[in-house]
Amino acid sequence: MTVPDLSDDTTQPGDSNSTSRRRFLAGAAVTGSALALSSTAIAMQSSASVTFDDQTTGGTSVSVASATLPKGGFIAIHDDRLLDGKALESVIGVSDALDAGTHETVDVELFDVKGTEFDSKMLEEDATLIAMPHVDSNGNEEYEFVSSDGQTDGPYTADGEAVVDDAMVSIEVDSKPTADVCFRDQKSDGESVWVNRATLSDGGFVTIHDASLLNGKVFDSVIGVSGALDAGTHEDIEISLYEGVPGGDYEMSMLEGDATLIAMPHFDSDDNGSYDFLTSEGETDGPYTMDGKAVVDDAEITLSDGC
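Definitions and cut-offs
Residues numbered from 1 in each chain as written. Predicted model: local features only at pLDDT ≥ 70, side-chain atom pairs only at ≥ 80, totals over all residues. Heavy atoms only, no water. Helix = DSSP H or I, 4+ residues; strand = E, 2+ residues; numbered from the N terminus. Contact = heavy atoms within 4.5 Å. Areas by Shrake-Rupley, 256 points an atom, 1.4 Å probe, with all protein chains shown as cover. Buried < 20%, exposed > 50% of the residue type's maximum accessible area, 1.4 Å probe, protein only. Pairing = 2+ DSSP bridges. Axes fitted to C-alpha atoms, helices over the stretch in contact; angles between N-to-C directions. Salt bridge = Lys/Arg side-chain N within 4 Å of Asp/Glu carboxyl O. pLDDT = per-residue confidence, 0-100. Patch = residues over 30% accessible without salt bridge, like charges linked within 9 Å, V, L, I, M, F, W, Y side chains within 5 Å. Lys, Arg positive; Asp, Glu negative; His and termini not counted. Charge placed at Lys NZ, Arg CZ, Asp CG, Glu CD. Core = buried A, V, L, I, M, F, W, Y, C linked by side-chain atoms within 4.5 Å.

## Regarding the overall build of the protein chain
In terms of helices and strands, the protein chain carries 1 helix and 21 strands. The long-range fraction of contacts in the protein chain, counting pairs at least 24 apart against all pairs at least 6 apart in sequence, stands at 65%. Accessible surface, the protein chain: about 15,200 Å² in total, of which carbon and sulfur atoms supply 44%.

## Considering the environment of A299
Assignment of secondary structure puts A299 in strand β21 (residues 297-303). For A299, a relative accessible area of 0% gives the class buried. Residues A299 and V195, 104 residues apart in the sequence, show an inter-C-alpha distance of 9.4 Å. Excluding residues that lie within four positions of it along the chain, A299 makes contacts with F183, R184, D185, A259, T260 and L261.

## Topic: the sheet that holds strand β11 (residues 165-171)
Spatially, 5 strands are ordered β3-β11-β8-β5-β6 in an open sheet, and the strand pairing comes out mixed. Across the chains shown, the open sheet's two edge strands, defined by having one partner strand only, are β3 (55-57) and β6 (91-94). Between one strand axis and the next, the sheet turns by 35° as a mean value, whatever way the strands run.

## Side note on the pattern of salt bridges
Proximity of charged atoms lets side chains of opposite charge pair with each other. Tallying each qualifying case throughout the model produces 3 salt bridges. K114 is paired through a salt bridge with E142; the nearest N and O atoms lie 2.7 Å apart. Here E142 lies in the loop between β8 (127-135) and β9 (156-158) and K114 lies in the loop between β7 (101-109) and β8, a separation of 28 residues in the sequence. In this structure E142 comes out as partly exposed when scored by relative accessible area, which is 37%. Among the salt bridges present, the one from K114 reaches E144, with a minimum N-O distance of 3.6 Å. With K114 in the loop between β7 and β8 and E144 in the loop between β8 and β9, this residue pair connects regions lying 30 residues apart in the sequence. Overlapping salt bridges bring together K114, E142 and E144 as one network.

## Structural notes on the confidence of the model for the protein chain
Regions with low pLDDT carry predicted coordinates that are not meant to be interpreted in detail. Of the residues in the protein chain, 83% reach a pLDDT of 70 or more, and the chain-wide mean stands at 86. A low-confidence stretch, residues 1-42 stays under pLDDT 50, and its non-local contacts, those more than four residues away or across chains, total 77 contacts.

## Some points on a negative patch on the surface
On the surface, D96, D107, E109 and D112 cluster together into a patch of negative charge. Mapping E109 onto the fold places it in strand β7.

## Topic: unusual backbone geometry
With phi around 55°, D149 is a residue other than glycine that occupies positive phi space. Looking at the secondary structure, you find D149 in the loop between β8 and β9.

## Description of the nonpolar core
If you look at the biggest cluster of nonpolar residues, it comprises 26 residues, and the most contacted ones within it are F52, V64, I77 and L129. Counting only elements with at least two residues in this core, the list comes to β4 (61-69), β5 (73-78), β7, β8, β9 and β11. Among all residues touching F52, those that are not within four sequence positions of it are V62, S63, V64, I77, L129, I130, A131, D165, D166, A167 and V169. Counting 23 residues, the second largest nonpolar core, distinct from the first, contains F183, L200, Y242 and A263.

## Focus: the sheet that holds β4
With antiparallel pairing, the 3 strands of this open sheet are ordered in space as β2-β4-β7. Strands at the two margins of the open sheet, each flanked by one partner only, are β2 (49-51) and β7. Pairs of neighbouring strands in the sheet enclose a mean axial angle of 25°, with direction left out of account.

## Some points on the pairing of β4
In this sheet, β4 lies alongside β2 in antiparallel orientation, the contact comprising 3 bridges. Considered in β4, the bridge of T51 is made with S66. Bridge count between β4 and β7: 8 bridges; the pairing is antiparallel. In the strand pairing of β7, L69 is matched with G101.

Written as structure tokens, this is what we have:
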């Protein structure tokens, strides 16, 4: 579809989205395409079209239903910053090079665009995204619109406006890794503790932290780690303290008094069966999170001689 006239109160033929949303996109995309067109002389007036349907995805890619590119090129995926006129900054995905003609079901990886660095590797929440066909203006089969600051590989246009279509992209709830842990108050000989239950959707480990975690000492607070756990729910997990932690260096071999300890599920992100969070300085085997915070449970540990 092309960007409709702002005075038009009707939806485009075949468009199942609401008029108000399409009109909002229209006004915003005009701004975005104006920015793009003002910086490049190679945007192409054409009969290009694109259809981008609402969909549910794992957050790392989207699928464009169809696109016609008369001279070939690419399909760029923009986030809603395009609606604020940020034509370059809003590009979060681009297809492989496409031949001239019509293409069906074009999968586009997100957050992998030449000339752009991203803070995220996937969509973390539902979002409105916008598909925009681009011409391969220099014929080198590489999308260089962003890296050239808009001087190369500009968008296909109709009536001076970028050809676009938008879609509501919903994130699959099940695609987000989840974990839960239950760590109950208990008596201990000071050498080990028991985690009552842990559920890790992608498998991994359960670490035990001392109370220095509450003061921000994420690495120094690790005093125990379970063996590698398969995906699923595990019960009665015994974890030794002050031994067997890769990268851990301790001056004691057991708890010396009653203490508050904290259990925290971690990924095995490199899938090597070894807890590498400390040795990688947090780059590998990070914690499971919920709402941006590590999943944890704490317990009061009381030293006992077993009587």
